[in-house]
Amino acid sequence: MWRRVASLSSSISSSFLAQTASRLNTWESLTTGIAQQAKGVIAPKEKTPFITFVLGGPGSGKGTQCIKIVETFGFAHLSAGDLLRREIASKSADGAMILNTIKEGKIVPSQVTVKLIQKEMELSDNHKFLIDGFPRTEENRVSFERIIGVEPNVVLFFDCPEEEMVKRVLNRNEGRVDDNLETIKKRLTVFQALSLPVINYYSERGKLYTIKAIGTEDEIFEQVRPIFAAFEQTVG
Ligand SMILES: Nc1ncnc2c1ncn2[C@@H]1O[C@H](COP(=O)(O)OP(=O)(O)OP(=O)(O)O)[C@@H](O)[C@H]1O
Ligand SMILES: Nc1ccn([C@H]2C[C@H](O)[C@@H](COP(=O)(O)O)O2)c(=O)n1
Ligand SMILES: [Mg+2]
């Protein structure tokens, strides 16, 4: 059961209390489903969530390797980019803003992305999550911790030379609005400036697993496999 003890003094503001309550609600609904269980509405999620962030530059192979991890280790795959593209396709209120941001190779405000991830986590029956392409900035990272109230167990970093990433993106052929030379250059600049500090942050905390993302897809997966195999007993 995920439980956190909050020591709240009377001087804490109501907005902080509201935020804390919201975080605890998220925590609860992601894990034990206590309220629902009491009412007999849905089955509780008894297992402790296991969260993996999947990081790397554009075209480094995150999505490709996530598919293999899902097949082999039974994770739920939550791609931040896919969730944002789904918002664009659904013509939601944020859709136009998200489209412009992606075309510009920039990063969508964290609150928008974290809310989408939160919703998917709450809807999932799985307790093992691969969160692909997130966090891309320190703001993303802090926002996730604040809203979801949890840190990742594992952070994968697909380390790939720029030249190879550009080649892969330009050959991807999936009709993405950001798969063009102009946008990829901007995305690489954003990756260097905003994403590498996040990768360093997790490296300093001993959570980072760096994969040399060169070679065939299968060769790369053979670097990934032992990381999850080592956790399999404890994660379930
Ligand atoms: N090891 C590999 N060798 C050659 N091509 C690859 C390899 N891995 C993936 N690709 C191809 O490179 C392209 C980019 O891969 P993928 O979409 O997995 O990258 P990504 O890291 O998810 O990128 P993005 O951040 O832009 O979503 C795809 O067309 C994929 O098929
Ligand atoms: N945390 C994120 C993830 C993605 N985006 C936007 C900006 C990216 O260039 C684009 C595509 O993501 P990908 O499919 O390459 O993972 O989506 C973002 O703003 N924040
Ligand atoms: Mg991807």
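Values in this document were obtained by computation on a predicted structure and should not be read as measured data.

> So what exactly am I meant to see when it comes to the nonpolar core here?
Among soluble globular proteins, nonpolar side chains are generally buried collectively. I51, F53, I117, M121, I131, F134 and F144 are the most contacted members of the largest nonpolar core, which totals 31 residues. Counting 23 residues, the second largest nonpolar core, distinct from the first, contains F73, V154, L156 and F158.

> For this particular structure, what's the right way to read the pairing of strand 1 (residues 50-56)?
Regular strands have side chains that alternate between both faces of the sheet. The buried fraction of strand 1 is high, at 7 of 7 residues. What you see with strand 1 is no split at all: F50, T52, V54 and G56 on one side and I51, F53 and L55 on the other are buried throughout. Bridge count for strand 1 against strand 3 (residues 128-132) is 5 bridges, and the pairing is parallel. The residue bridging I51 from the neighbouring strand is F129, located in strand 3. As judged from the 5 bridges shared by strand 1 and strand 4 (residues 154-159), these two strands associate in the parallel manner. Residue pairing across strands places F53 opposite V155, the latter belonging to strand 4.

> Looking at this structure, how should I read empty space enclosed by the protein?
Any empty space left between the atoms is revealed when a probe the size of a water molecule rolls over them. Considering all chains together, one arrives at 3 cavities of 30 Å³ or more under this definition. Of the voids in this model, the largest cavity is the one considered here, and its volume is about 70 Å³. Elements represented by at least two residues in the lining of the largest cavity include exactly strand 1 and helix 9 (181-204). No other element matches the 4 residues that helix 9 contributes to the lining of the largest cavity. Partitioning the lining of the largest cavity into residue classes produces 7 nonpolar, 3 polar and 2 charged. Within this model, the second largest cavity holds a volume of roughly 50 Å³. Residue lining of the second largest cavity: F73, F75, K128, F228, F231, E232, V235 and G236, and that is the complete set. Ranked by residue count, the leading element in the lining of the second largest cavity is helix 10 (residues 217-235), at 4 residues.

> What exactly am I supposed to notice about the site of ligand 2 here?
Taken together, 15 residues lie around ligand 2, and R85, V108, R136, R176 and R187 are the ones closest in. Within the side chain of R85, a nitrogen or oxygen atom sits 2.8 Å from an oxygen atom of ligand 2. Within the side chain of N140, an N or O atom sits 3.0 Å from a nitrogen atom of ligand 2. With the chains in place, 96% of the 440 Å² that ligand 2 exposes on its own is no longer accessible. Structurally, ligand 2 is housed in the largest pocket. In terms of residue count, the dominant contributor to the shell around ligand 2 is helix 4 (residues 80-89) (4 residues). Split into classes, the residues belonging to the shell around ligand 2 amount to 6 nonpolar, 3 polar and 6 charged.

Reading the values: the criteria
Residues numbered from 1 in each chain as written. Chains lettered and ligands numbered in written order. Predicted model: local features only at pLDDT ≥ 70, side-chain atom pairs only at ≥ 80, totals over all residues. Heavy atoms only, no water. Core = buried A, V, L, I, M, F, W, Y, C linked by side-chain atoms within 4.5 Å. Buried < 20%, exposed > 50% of the residue type's maximum accessible area, 1.4 Å probe, protein only. Helix = DSSP H or I, 4+ residues; strand = E, 2+ residues; numbered from the N terminus. Pairing = 2+ DSSP bridges. 1 Å grid on protein atoms, 1.4 Å probe; cavity = no way out; pocket = protein on both sides within 12 Å on 5 of 7 lines; lining within 4 Å. Points joined across faces, edges and corners; volume = space filled by probe spheres on them. Nonpolar A, V, L, I, M, F, W, Y, C, P; charged D, E, K, R; others polar. Near = heavy atom within 4 Å. Polar contact = N/O pair within 3.5 Å; in protein donor to acceptor, adjacent residues only side chain to side chain. Areas by Shrake-Rupley, 256 points an atom, 1.4 Å probe, with all protein chains shown as cover. Sits in = over half its atoms within 2 Å of the grid points.

On their own, these measurements won't tell you what the molecule is for.
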